[in-house]
Amino acid sequence: MKTKTTKTILSAAAAAALAFTATAQAAEKLNIYCWSEYIPQDVIDDFAKETGIKVSVENYASNEEMLAKLGAGGGSFDIIQPSEYVVEALVKEKLLRPLDKKAIPNLKNIGPKFLNMPFDPGNKYSVPFMAGTVGIVVNTELVKEDIKSFSDVFKPANKGKIVVLDDAREIVSWALLSKGIPVNDVSDKNLEKAKGVLSDWIPLIKVYDSDSPKTALLNGDVAIGVVWCGEGAILLNENKKFRWVIPAEGTHLFIDSLAIPKTAKNFANAEKFMNYILQPEVSKKISEAFPYLNPNKEAVKLLTEEQRNNPASFPSKKDLGKMETFKDIGERGSVIEEIVTSLKVE
Amino acid sequence: MVFAFLYLPIALLVVFSFNSSKLNIRWEGFSTKWYEALLTNKVLITAFENSLLVALFTTLLSTLLGTIGAWMLHRYRFPYQRALALLIFIPMVMPEVLMGVSLLVLFVQFLNLPLGFTTLVISHTTFCFPFVLVGVQARLQGLDPFLEEAAMDLGATPLKAFWKVILPYLMPAIVSGALMSFTLSLDEYIVSVFTTGAQSQTLPLKVYGMAKVGLNPQLNALSAIFIAATVVVAIISHTLARRKTP
Amino acid sequence: MALPSAVSNTGGSDMHRRKPGLLAWLILLPLVAWLLLFVVAPTVMLIVVSFAERDALGRIVYEFNLQNYARAFDWVWLKVMLLSIWYALLTTILCMALGYPVAYFIGRAPERWRTTLLLLVMVPFWTSFLIRTYAWITILSKDGLLNALLVGSGILTEPLALLYTPFAIVLGLVYNFLPFMILPIYTSVEKLDNALIEAAYDLGAGPVRAFSQVIIPLTRPGIAAGAMLVFIPSIAMFAITTLMGGGSNPTIGEVIFKQFTSGRNQPFGAALGTLLLVIFLLALWLTNRQREERN
């Protein structure tokens, strides 16, 4: 009886406190399910210190791992970090909780280019975290030709000198682009065309690596890479001999977002976390740790000139115009995997 | 020679733990900063503790299951014994991702177990104990069947005969099996992704995906410390054992 | 392939085996329960899923047909499977060649040294697999240590392409599985009777004959167990093969993983996995029967 009274008093007091300030109670929790090494630990620690919320973090290494675990009903997560096409799929399947925009005023810091995207019109369910592109890195000491496009990369002269992302959807999208087909148009007819292109390209590739393609480039085992821009930015900082090229055919623009699963218990805290991360000073810290394309325009202003001029992190307006985001292609993914696998073993 | 082969990458790892560069590729100068950073990195240390704890429990359980299982299958003739013996190999052949996802579904939808330490130990034990069992069975082959009988003729109960005669005979296989289980559990990633919860994040879960920004050199430091500590403990226990048996 | 010891220890000691009493059943119960709950149940689920369909998000839809199997019986997947088995076989043979002398040495060492030496074999593997593999990458790459050594000492004029080749794949597999060969062989060597070896010498056998006709046959159970523990898990292993081989030779583990994840096709992945299981268990069962017939 006594504890019950104390509880009532406490919660009343807490509610009162909440009405004035955003101070949190000791028992508040937040379960984050995110990519490993994408949200710096000190950002999470600072958030916990500032709000008093107890944060626990679980990591995954690919969108699909997260989907598989979420799909099987494993874990109780309050915030997840899906890429754009996964947001689209999750919205379609009604697995996300609509955001309370009033709780996330800092959404205004995001550049208009990254808001209201086709995968989540009006940002009803997701907040952009980081964006990026796929591009070409050239070791200019080893490759003298001027490389401007995917077709320049995949030439017989470059056989055995190429590293690409180990990602069937990406590889197929480059082949589609080289034929002038939009990346999301994966009909059987178009895939057949892509297969034709890839049967010439795939034998030229030496290494497939999505996690750290920079290793093969830095070690001199290959001379050209088609990689994530974050990898490119690290390479450019490491050595002047590397050059970053946005393919003339266009390329993939990815947007990793934050979203709240429908099953989340601590959704209010999740929104608090989103709002926290959207502060320019916090977002700047993330940019410094992971040199991707930061959609937070206020945070970009805080970066040094050198950071802003890294062409891999921040492509020109003109190049950005050529880029497309991925749409969810559902079950087509399996066929795309099969095409790439069959060409690899031939 | 073979020991040199085994320790070559480890030597490199120790060298790189003192490298001042963040990328593990070139030597750029001596530094102990990764060791300093490691001491304050709570996430990494907690994950490491979790890994050790899971590996210890897994080792204990799989050694028990594997040893007792091997002995019983050797000693008695159970109906469907051959089928039973085949089943033991399934966890060894089954690709990790299939095992991880089916165990996840089993835990969440059928057994209603919350994901965490328990589910992690269960799934690790499932793929570790066959290693113990197969090893112990190999040792049992060629065991003199009269050994146990002789002990029993001298008045020992079956339990006592097992304890006093068979178990000491099996010890080398049990130790090997335990070492294998511990090693397998310590480094498991894919099965762990699917079967653990936020409270029991192990080291591999933190390490994977790190390659994107360059493997954190603190990991080299952590491995170096752990290996050094193990070797020191081994040497101490070795010399102690020697003193006892002059 | 060496014979699996677990299914074949029905040799001469058969007559000493007993019918189990109630107590024996009770002691076996935990193992049986564990197998049923955590091995049989997931396997059954896997097989059920392999006949099912899935929706756009990759969630399973329980409508059953043979579509996944129709697709799985394709030359592409068979080729991948054969390649994986080939790598596993090479790995097993090399591990045997490298591991046997080490195991023999440890098994014959003074008793107080044995556990320490075993521990020393295992300790390198108490580091993260990724760290070990990246260390190997640093050693084998074009600008890496080995090439620097070979070119610097004048043995070679041009650096060799070692990394991202089948050589690197097998090296990575051998490195990571070697302990699983050494340990079981060690347990067989450890129980060797010195008197038997001496008897062989006394009967005029040279070291080679003593080794091939006495020591090898006596340690066969350990060799067989080691072969199992290396061969079986290395078939489905893929992280090493992708990192060290560059990923242009996909293995069955990798293909299944990708169908499961980026392919979002769990049923198809499950069908490939079931096929692997069936092929494997069938091979095991046949070897076992053949052996029994011979006895």
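Residues numbered from 1 in each chain as written. Chains lettered and ligands numbered in written order. Predicted model: local features only at pLDDT ≥ 70, side-chain atom pairs only at ≥ 80, totals over all residues. Heavy atoms only, no water.

Here's the deal with a nonpolar patch on the surface
We apply this condition: Each patch groups residues whose relative accessible area exceeds 30% and which form no salt bridge, using 9 Å between like charges and 5 Å between nonpolar side chains of Val, Leu, Ile, Met, Phe, Trp and Tyr. All accessibility values rest on the Shrake-Rupley procedure with a 1.4 Å probe; residue burial counts only the protein chains present in the view. Only one rule defines a salt bridge in this text: a Lys or Arg side-chain nitrogen within 4 Å of an Asp or Glu carboxyl oxygen. Helix numbers and strand numbers start at the N terminus; a helix is a DSSP run of H or I with at least 4 residues, a strand a run of E with at least 2.
A contiguous nonpolar surface patch, about 690 Å² in accessible area, is contributed by L64(B), I68(B), L22(C), L23(C), L26(C), I27(C) and L29(C). Those elements giving two or more residues to the nonpolar patch turn out to be α3 (42-75) of chain B together with α1 (22-50) of chain C. It is α1(C) that contributes the most residues to the nonpolar patch, 5 residues altogether. Within the secondary structure, L64(B) is located in helix α3.

Quick look at the interface of chain B and chain C
Here is the rule we go by: Residue contacts are counted whenever heavy atoms from the two residues lie within 4.5 Å of one another. Buried surface area refers to the total accessible area, computed with a probe of radius 1.4 Å, that the two partners give up upon joining, counted for both partners together.
In this assembly, 91 residues from chain B lie in contact with 91 residues from chain C. At the boundary of chain B with chain C, total buried surface from both sides reaches about 9000 Å², with 78% on carbon and sulfur atoms. Of all residues in chain B, F5(B), V93(B) and Q141(B) give up the largest surface area on contact with chain C, accounting jointly for 7% of the area buried on that side. Inspection of the chain B/chain C interface yields 2 salt bridges.

Looking at the pairing of strand β4 (residues 126-139) of chain A
Residue and element names in this part refer to chain A. Definition in use: Accessible area is worked out with a 1.4 Å probe on protein chains only. A residue is then buried under 20% of its type maximum, exposed over 50%, and partly exposed in between. We treat two strands as partners when DSSP finds at least two bridges between them.
Of all 14 residues that make up β4, 14 are buried, and the element is covered over most of its length. Alignment of β4 against strand β9 (residues 251-259), held across 7 bridges, turns out to be antiparallel. When the bridges of β9 are listed, V127 appears paired with L258. Bridging between β4 and strand β8 (residues 242-245) involves 4 bridges; their strand directions are antiparallel. Bridge pairing in β8 places N139 opposite F242.

Observations concerning the domain arrangement of chain A
How big an interface is tends to be stated in terms of accessible area lost as the parts join. Residue and element names in this part refer to chain A. The following threshold applies: All domain edges in this entry derive from an automatic or database-based domain assignment. Each residue receives one of three labels: charged for Asp, Glu, Lys and Arg, nonpolar for Ala, Val, Leu, Ile, Met, Phe, Trp, Tyr, Cys and Pro, and polar for the others, Gly being one of them.
For chain A, the assigned domains read domain 1 (2-129 + 255-308) and domain 2 (132-253 + 315-345). Put simply, the middle of domain 1 and the middle of domain 2, counted by C-alpha atoms, are 31 Å apart. Taken together, the contacts link 12 residues of domain 1 with 14 residues of domain 2. Top contributing element to the side of domain 1 that touches domain 2 by residue count: helix α4 (residues 84-92), with 5 residues. Here the residues of the side of domain 1 that touches domain 2 are counted per class, giving 8 nonpolar, no polar and 4 charged.

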